[in-house]
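The chain contents come next:
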Amino acid sequence: MPVRVPTLPAHPLHRLTLDNGLRVVLAPDSTAPVVAVAVYYDVGMRSEPLGRTGFAHLFEHVMFQGSAQLPKLEHARQVQGSGGIFNGSTHLDYTNYFEVLPAGALERALFCEADRMAAPLLTQETIDNQIDVVKEEIRVNVLNRPYGAFPWLQLPEVLFDSFANTHNGYGDFVDLESATAEDAAAFFDSYYAPGNAVLAVGGDFDVEQVTQWVERYFAGVPARTTPQRPPFAEPALAEDRHAEVVDPLAVTPALAIGWRVPDPVGDFEGFLPYVVLSELMSDSDASRLEQRLIHRDHLALYQAMYLGLFGDPFDARDATALMFQAHHGRDVSAGQVLAAVKEELKSVAEEGVGETELARVQARIAAQLLRQADPVLGRIQGFAAGELIHGRAEFATELPGRLAQVDAGSVAAAASALGTQHRAVLELVPGARA
Amino acid sequence: MVLPPLIEARSARAPRAAAATLPNGLDTMVVRRPTVPMVEVRLHIPLPMANSRTAAAAIARGSLMSSSMLFGTAQRDQRQLANDLAAVGADLAVSADADRLLFSTAVLRTGLSTVLDLLAEILTSASYPSAEVVAERDRLGQRIAMALTQPGVVARMARSRRLFGDHPYAHTMPDPSMVAELDAGTLRRSHRDRARPYGATLVVVGDVQPATVAKQASSAFADWVGPARGSRVLTLPDFEPGGITLVDRPGAVQSNIRIGGAAVGRRDPAYAALKLANLIFGGYFSSRLTENLRERNGFTYSPHSGVDNAAAGSTFIVDADVATEVTARAVHETWYELGRMALAPVTQDELDLARRYALGTLALSTATQAGLASTLTSLVGQGLSASWLADHQKAVAGVTIADVQEAARRYLAVSSLATVVVGDATVVEDSLRSLAVIRNPE
């Protein structure tokens, strides 16, 4: 008997748009004396111009280097000295900045975010410093370790064609090293306009009070023209693609597959079954690929199938991808793993998904979404990304219900579509000896 | 600069846990936290190693035992067990280290009793089927080989060997040759011998009623019985501080600097002062180490220091991954900042900032179901209860500049620490030699 899946009590959402175009989402919730603030700018790795790979991420670093009223290091001191934490991250289609703090520090956090939205300090000195820091980040995460950033950094080159979709979003060192304060000023001017951003605030606060604070600190940021976003969609692959990359530090092989999937925004209905399919195939010990590749055939050491380069199905617009990756022993060929994955997809397509199995997958999806929504930051990140990518903060609230309605037939149809379309395969060949 | 004020919000109260001991000796700790209709479950079973001679074998056994434990029970095969866990939204993880065996999952509110029943079934009748164990043994061997190519793993191992000598904590990774010799029978015996209720603790946090959980747990775990076993842990050995242990990693484009030394643990009156000294030195972004190495010099992305609390004792650690060409300068700057901590008082501003951060983030980390469950489980590992959190808040509030300096003098002094560098020796050795004697890895 399938378990009854509990749902999240709906939190009220309040929305406003300031005269300068800033969209604001307020999500009060007094269960803990904690607040979270997130600012999402509608610019990510895909908007980087030719010759400026890695600039969106570098600029994210520079946004922590001071602003009109806060000298270098002061942002961190204000947030941490209020008992809070902060960070930022760069995605394909947006860059976000966020804080979680004790409730009493909310006004100060809003001040800090508004100050850098108005006027970050963009000096060559701090940019040079952060170029060095970013190079060390790339060394620690990519260059000095085996399987560094595999496959998100390497597979797009095989799966896509445009510069926007294929280039190295961490940045080539040559491009990073030539970044200037003028570049930063131009990038800020085009992409960090208030009309190109969403502010989300969640947690323990009074809506009227916070509305006043938002007006007080953000309304003064001058309106600027918001950039026209070019489409990043690409036509379907005309043939299967296959590439190899040698990893000089790896001792065992790895493999990645990428498939194109429906537009996650324009064809949301068509995209949702792929989310359920990826969970059915790959989530937990009970999944089809874990059973087949690990437990039955002993083909892989590790497997994962997921949507989006970074594993978040809902943080990117078209084009995005269904990704699969596996690590396997030297005694197993990539062809064996590919064949097994193909067979498992075929089995879903032809034999379908039983009621019990689907209920199990739906229970896992519900549990993961609920767990994600427990921290106030997790909730408002959902609202902010929903507002920015899907045009509706409510998207995050409605998502569990929408996923729960995906039926077995549409999951089988998604698997069938994957079986008939072309895919991109990238083999990682170990260059080191065990 | 006129900043908006900080408002004294209603303070985060330290959580109250309902604690009980079941007739079989299992301790339970339950907190109602109905923020989402989920429950976090942890089961902590101490696996103290009282013998350094057999520690490496025990660690290899614990590692394969934990990764093979969900391969079936007397009633269910691997697949059925996986299906039944997933059906209630659970994804059970089992891990082992030199201190404990740990089960961990989140589950839909409606599935808690199912998870407790399955946990009890695993504990009382895990089957360790031979063919599956052999396959997992091969996978584990390959996973270890992969891990040994990660510089962070190599560096942690080198520091642990330097600090812990022949203590079990020196073995941060299972020895692949010892893993290769294990079989299902050994795991079954080891399971019977080690997975026992006395001294174990079940932590449950979430949308539950503590009284209901108490009933569910006593019914689920009624058949899990076994005599108490020794809980003595080997005290940490002394080590010889000073010098730089250099581990060669030819061609490395970065060097991993790892520093460590003895520290005091959560029960010690000086712990709160040490935590604040650690923050001011390198424990958070607004620290001296981050300002120096990252924001002034651009040597590194994410330098960090911390206090590791383990059952046998606590360790102060510093980690920084730096560009190869600045390795010696980065070690020098790190030592300089350690020396400054030990020799000169911190400022009142630095102390106030660190104190507010410590108190604020303690409240944040216990504001979620998962955060609170992990915090409580970590306390359990040192034999502490939830009430420690409130005591610690009070202690942090009372720390003075003199307390911080005394803690820094005792635990952050370079002369009492060990320094390990993993990097390309042909490039970094000469310059490191101008700082200190170079030691070979243990």
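Here is what the cut-offs are and how they apply
- Residues numbered from 1 in each chain as written.
- Chains lettered and ligands numbered in written order.
- Predicted model: local features only at pLDDT ≥ 70, side-chain atom pairs only at ≥ 80, totals over all residues.
- Helix = DSSP H or I, 4+ residues; strand = E, 2+ residues; numbered from the N terminus.
- Rg over C-alpha atoms; globule rule 2.2 N^0.38 Å.
- Contact = placed C-beta atoms within 7 Å.
- Buried ≥ 20, exposed ≤ 12 C-beta atoms within 10 Å, placed from the backbone.
- Pairing = 2+ DSSP bridges.
- Axes fitted to C-alpha atoms, helices over the stretch in contact; angles between N-to-C directions.
- Core = buried A, V, L, I, M, F, W, Y, C linked by C-beta atoms within 7 Å.
- Nonpolar A, V, L, I, M, F, W, Y, C, P; charged D, E, K, R; others polar.
- Expected span 1.5 Å × (residues − 1).
- Domains from an automatic or database assignment.
- Left-handed = near helix turned anticlockwise from the far one by under 90°.
- Parallel < 35°, antiparallel > 145°, perpendicular 65-115°, else oblique.
- pLDDT = per-residue confidence, 0-100.

A. Seen up close, the overall build of chain B. Within chain B, the secondary structure is distributed over 16 helices and 12 strands. Expected size for 442 residues packed as a compact globule is a radius of gyration near 22 Å; at 23 Å, chain B falls within 12% of this value. Oriented by its inertia axes, the alpha-carbon framework of chain B measures out at about 65 × 55 × 35 Å. Restricting the contact set of chain B to residue pairs at least 6 apart, pairs at least 24 apart contribute 82%.

B. Just the overall build of chain A, in detail. For chain A, the count of helices and strands is 16 helices and 11 strands. Computed over its C-alpha atoms, the radius of gyration of chain A comes to 22 Å, within 12% of the 22 Å expected for a compact globule of 434 residues. In terms of its C-alpha atoms, chain A occupies a principal-axis envelope of roughly 60 × 55 × 40 Å. The burial tally for chain A puts 55% of its 434 residues in the buried class. Taking as baseline every contact in chain A between residues at least 6 positions apart, the subset at least 24 positions apart corresponds to 81%.

C. Focus on the pairing of strand E1 (residues 14-17) of chain A. Residues and elements named next belong to chain A. In the sheet, E1 pairs with strand E2 (residues 23-28) via 4 bridges, with the strands oriented antiparallel. Bridge pairing links Arg15 to Val25 in E2. Hairpin connection between E1 and E2: a loop of 5 residues separates the two successive antiparallel strands, and Gly21 in this loop has a positive phi of roughly 100°.

D. Summary view of the sheet that holds strand E4 (residues 93-96) of chain B. Residue and element names in this part refer to chain B. Sheet architecture is open: 6 strands sit in the order E1-E2-E6-E3-E5-E4, paired in mixed fashion. Edge positions in the sheet fall to strand E1 (18-21) and E4, since each has one partner strand and no second. Across the sheet, the mean angle separating the axes of adjacent strands is 15° when strand polarity is ignored. Relative to strand E6 (residues 201-206), strand E3 (residues 38-46) runs antiparallel, the two being bridged by 6 bridges. Following the sheet pairing, Glu40 is matched in E6 by Val205.

E. Up close: the nonpolar core. One finds Val107(B), Leu276(B) and Ala277(B) to be the most contacted residues of the largest nonpolar core, which totals 283 residues. Leaving out residues up to four positions away in the same chain, Ala277(B) has contacts with Met341(B), Val404(B), Ala407(B), Ala408(B) and Leu412(B).

F. Seen up close, the interface of chain A and chain B. Contacts between chain A and chain B engage 65 residues on the former and 65 residues on the latter. When contributions to the side of chain A that touches chain B are tallied by element, the ones reaching two or more residues are helix H2 (74-80), strand E5 (95-102), helix H3 (106-118), helix H4 (124-143), helix H11 (288-296) and helix H13 (355-372) of chain A. Here the residues of the side of chain A that touches chain B sort into 34 nonpolar, 17 polar and 14 charged.

G. Expanded view of the sheet that holds strand E8 (residues 254-260) of chain A. All names here are of chain A. Strand order in the open sheet made by the 5 strands is E7-E11-E8-E10-E9, with mixed pairing throughout. Across the chains shown, the open sheet's two edge strands, defined by having one partner strand only, are strand E7 (241-247) and strand E9 (302-307). Here the strands of the sheet are splayed against their neighbours by 15° on average, with no regard to which way each runs. Summarising the sheet, E9 and strand E10 (residues 321-327) pair through 6 bridges and their orientation is antiparallel. Residue pairing for E10: Leu307 is matched across the bridge by Leu322.

H. View of helix H12 (residues 348-365) of chain B. Its 18 residues place the ends of H12(B) 25 Å apart at the C-alpha level, agreeing with the 26 Å of an ideal helix rising 1.5 Å per residue. Listing the buried residues of H12(B) in full gives Glu350(B), Leu351(B), Leu353(B), Ala354(B), Arg355(B), Tyr357(B), Ala358(B), Gly360(B), Ala363(B) and Leu364(B).

I. Structural view of the pairing of strand E4 (residues 85-90) of chain A. All names here are of chain A. As paired strands, E4 and E5 are joined by 6 bridges and run antiparallel to one another. In the strand pairing of E5, Gly88 is matched with Tyr97. Counted along the chain from E4 to the antiparallel partner E5, the turn is 4 residues long.

J. Local environment of the domain arrangement of chain A. Residues and elements named next belong to chain A. Partitioning chain A into domains gives domain 1 (14-218) and domain 2 (241-430). For domain 1 and domain 2, the distance between their C-alpha centres works out to 27 Å. The interface is formed by 36 residues belonging to domain 1 together with 33 residues belonging to domain 2. Of all the elements in the fold, those that place two or more residues in the side of domain 1 that touches domain 2 are E2, strand E3 (34-41), E5, helix H5 (155-159) and strand E6 (197-203). For the side of domain 1 that touches domain 2, the residue count by class is 24 nonpolar, 6 polar and 6 charged.

K. Looking closely at the packing of H11(A) against helix H12 (residues 334-351) of chain A. All names here are of chain A. Running from N to C, H11 and H12 cross one another at 145°; their axes reach a closest spacing of 10 Å. Both H11 and H12 take part in a crossing whose hand is right-handed. Of the residues in H12, those in contact with Arg288, Leu289, Arg292 and Leu293 of H11 are Val337, Ala340, Val341, Glu344 and Val348. Partitioned by chemical class, the residues of the contact of H11 with H12 number 6 nonpolar, no polar and 3 charged.

L. Quick look at the packing of helix H1 (residues 55-68) of chain B against helix H7 (residues 184-194) of chain B. Residues and elements named next belong to chain B. Two numbers describe how H1 lies on H7: the axes approach to 10 Å, and their chain directions differ by 90°. Taken together, the axes of H1 and H7 are roughly perpendicular relative to one another. In contact with Arg61, Leu64, Met65 and Ser68 of H1, H7 contributes Thr186, Leu187, Ser190 and His191. Counted by class, the contact of H1 with H7 contains 3 nonpolar, 4 polar and 1 charged residues.

M. The arrangement of H3(A) in detail. Residues and elements named next belong to chain A. If you check H3, its first and last C-alpha atoms are 18 Å apart, about what 13 residues at 1.5 Å a residue would give, namely 18 Å. For H3, the buried fraction is high: 11 of the 13 residues fall into the buried class. Taken as a whole, H3 has its buried residues at Leu106, Glu107, Arg108, Ala109, Leu110, Cys112, Glu113, Ala114, Asp115, Arg116 and Met117. Buried residues belonging to H3 abut E3, H2, E5, E6 and helix H9 (207-218).

N. Region of the structure containing the domain arrangement of chain B. Residues and elements named next belong to chain B. Each domain of chain B was delimited in the assignment, giving domain 1 (18-220) and domain 2 (244-439). Contacts between the two partners involve 27 residues from domain 1, matched on the other side by 24 residues from domain 2. Every element with two or more residues in the side of domain 1 that touches domain 2 is listed here: strand E2 (27-32), E3, strand E5 (100-108), helix H5 (151-164) and E6. For the side of domain 1 that touches domain 2, the leading source of residues is H5, giving 9 residues. A class-by-class count of the residues in the side of domain 1 that touches domain 2 yields 14 nonpolar, 5 polar and 8 charged.

O. Representation of the environment of Ser231(B) within the structure. Residue and element names in this part refer to chain B. Position of Ser231 among the secondary structure elements: in the loop between helix H8 (210-220) and strand E7 (244-248). Placed 184 residues apart in sequence, Ser231 and Leu47 show a C-alpha to C-alpha distance of 8.0 Å. Every residue in contact with Ser231, bar those within four places of it in the chain, is listed here: Pro46, Pro48 and Gly199.

P. Representation of the confidence of the model for chain B within the structure. Confidence in the prediction for chain B averages 95 pLDDT; 99% of positions are at 70 or higher. As a predicted assembly, this complex carries a pTM of 0.97 together with an ipTM value of 0.96.

Q. Quick peek at the environment of Ala243(A). On the secondary structure map, Ala243(A) appears in strand E7. Here the alpha-carbon distance between Ala243(A) and Glu157(A), two residues 86 residues apart in the chain, equals 9.4 Å.

R. Layout of unusual backbone geometry. Residue and element names in this part refer to chain A. Cis geometry is adopted by the peptide bond preceding Pro151, which originates at Phe150 and carries an omega value of 0°. Within the fold, Pro151 resides in the loop between H4 and H5. The amide bond that connects Asp318 to the next residue, Ala319, takes the cis arrangement and shows omega of -10°. In this fold, Ala319 is placed in the loop between E9 and E10.

S. Focus on the environment of Ile144(B). Residue and element names in this part refer to chain B. Its place among the elements puts Ile144 in helix H4 (residues 130-147). When the 17 C-beta atoms within 10 Å are taken as the criterion, Ile144 is described as partly exposed. Placed 32 residues apart in sequence, Ile144 and Pro176 show a C-alpha to C-alpha distance of 6.8 Å. Ile144 has contacts with Met173, Pro174, Pro176 and Val179, leaving out every residue within four places of it along the chain.

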